[in-house]
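Inside the fold
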Amino acid sequence: VSTQSTWGRMSISSSTSTSSSQSSSASPQCVAESTSPTSTIVASANIASGGPLTSTNAISANVAPANIQERAMSTRICTLLSCEMVGLEKMYETDPNNAREVMNSLLSHAREAAVNGCGVVHAFGATWIQISWNAIAHVSTHCAKACQAAIAIRESIVNDLNPSLRLAIGVWSGSLTSGTIGTQTLKMVSVAGRTVHAAEWVMRLNKEWDTRVLVNHEVAQTVIGNFELRPVDWVRMLSGDSVVRVYELVCQIKSSEDEWMYQLEQSQKSSQFANLRIAFEHISTSKLDKAKEAVTQYCSTFKNDGKSQKLLKRLSSTGLQPRAESDPW
């Protein structure tokens, strides 16, 4: 079911099914982690899949609102992924058909990554996509699932990008409100709250750091040991006094379950970015000298790392003051 919101964004509602043929479209893990073991909760785009309109890939079909399961608004900790193809807006003006193909490809890869990781595609527009975990279906490892999806999307499309385009992904974990909104003639499953805006905000920081995927501190603390993370920034958001620590999601660390605890300990000790993590811990406790020492040690080893040279320069010039959201580098 599709609808146009007041901001001109296309929102899609998740569809539920109890038939065996439709449930088979989701992975067993998704079914096991959903709120109902017989429900498959998927939202996807027919424009991306190119297949017939069904309950698992309909976006523009006129499906009766009564087919959308009524859900009371509820708030819980979730993880939201915001993805945007930067530069695509200009391509729509000069080469619209090619721009549509690029977006269709991104939608297809994003839908696959979402469904494989028990996520729900809530909305997309001409250049962007929004996916949630633990908002509609229960997903205990929602931070890790979102990180896996972000890496899958990045790796599936970044190598084929037109030089004028740049993929930007933001992953944010926090409080999120979700449920059905609408009437008998117009209804959708929606998400709302500060996390929605925060995910878009951290996504846009990729431009400043020339990165592809950035996550907030809550995500980083949850998945550390399973993913390689690089501390990159601490910013005071305009919407409040909170200072946000931001990390680049580099890659996933592969290890068997038996090696997990050992891998966690070793990754924190021997990670390429261990000194940067130490520096950020010193920053959080206002120990400027120790923070600069840790960053200097990292820079002496990785002399061609421009991002860390930038960080060291900032520590030397502004100390521990977080950069205001509106301040450029």
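Scroll up for the structure.
Each value, and the rule that gives it
Residues numbered from 1 in each chain as written. Predicted model: local features only at pLDDT ≥ 70, side-chain atom pairs only at ≥ 80, totals over all residues. Heavy atoms only, no water. Helix = DSSP H or I, 4+ residues; strand = E, 2+ residues; numbered from the N terminus. Buried < 20%, exposed > 50% of the residue type's maximum accessible area, 1.4 Å probe, protein only. Contact = heavy atoms within 4.5 Å. Areas by Shrake-Rupley, 256 points an atom, 1.4 Å probe, with all protein chains shown as cover. Polar contact = N/O pair within 3.5 Å; in protein donor to acceptor, adjacent residues only side chain to side chain. Phe/Tyr/Trp six-rings, centres within 6.5 Å; stacked < 30°, edge-to-face > 60°. Pairing = 2+ DSSP bridges.

Describing the overall build of the chain
Within the chain one finds 13 helices and 11 strands. Relative to its 329 residues, the chain shows a buried fraction of 50%. In the chain, 68% of the contacts between residues at least 6 apart in sequence involve partners at least 24 apart. Put simply, the chain shows about 15,700 Å² of open surface, and 51% of that area lies on carbon and sulfur atoms.

What to know about the side chain of T211
Position of T211 among the secondary structure elements: in the loop between α8 (206–209) and β8 (213–216). For T211, a relative accessible area of 1% translates into the label buried. Side chain to side chain, T211 and N206 meet in a polar contact 2.8 Å long. Apart from residues lying up to four places away in sequence, T211 is in contact with R166, L167, N206, E248 and K307.

Considerations on the packing of aromatic side chains
Counting across every chain of the model gives 2 aromatic pairs. Considering the side-chain rings of W172 and W201, the 6.0 Å spacing of their centres and the 75° angle between planes classify their relative orientation as edge-to-face. With a gap of 29 residues between them, W172 in strand β6 (residues 166–182) and W201 in helix α7 (residues 194–204) connect regions that are remote in the sequence. Given a relative accessible area of 5%, W172 falls into the buried group. Ring geometry for Y298 and F302: centres 4.7 Å apart, planes at 35°, overall tilted.

What about the pairing of strand β3 (residues 74–86)?
Here β3 runs beside β6; their pairing, made up of 13 bridges, is antiparallel. Bridge pairing in β6 places L80 opposite W172. Judged from the 6 bridges that link them, β3 and strand β5 (residues 128–133) form a sheet pairing that is antiparallel. Bridge pairing in β5 places T79 opposite W133.

Some words on the environment of C299
With respect to the helices, strands and loops of the structure, C299 is situated in helix α12 (residues 288–301). For C299, a relative accessible area of 6% corresponds to the buried category. Considered as a pair, C299 and L312 are 13 residues apart in the sequence and their alpha carbons are 8.3 Å apart. Non-local contacts of C299, meaning those with residues more than four positions away in its chain, are made with S308, Q309 and L312.

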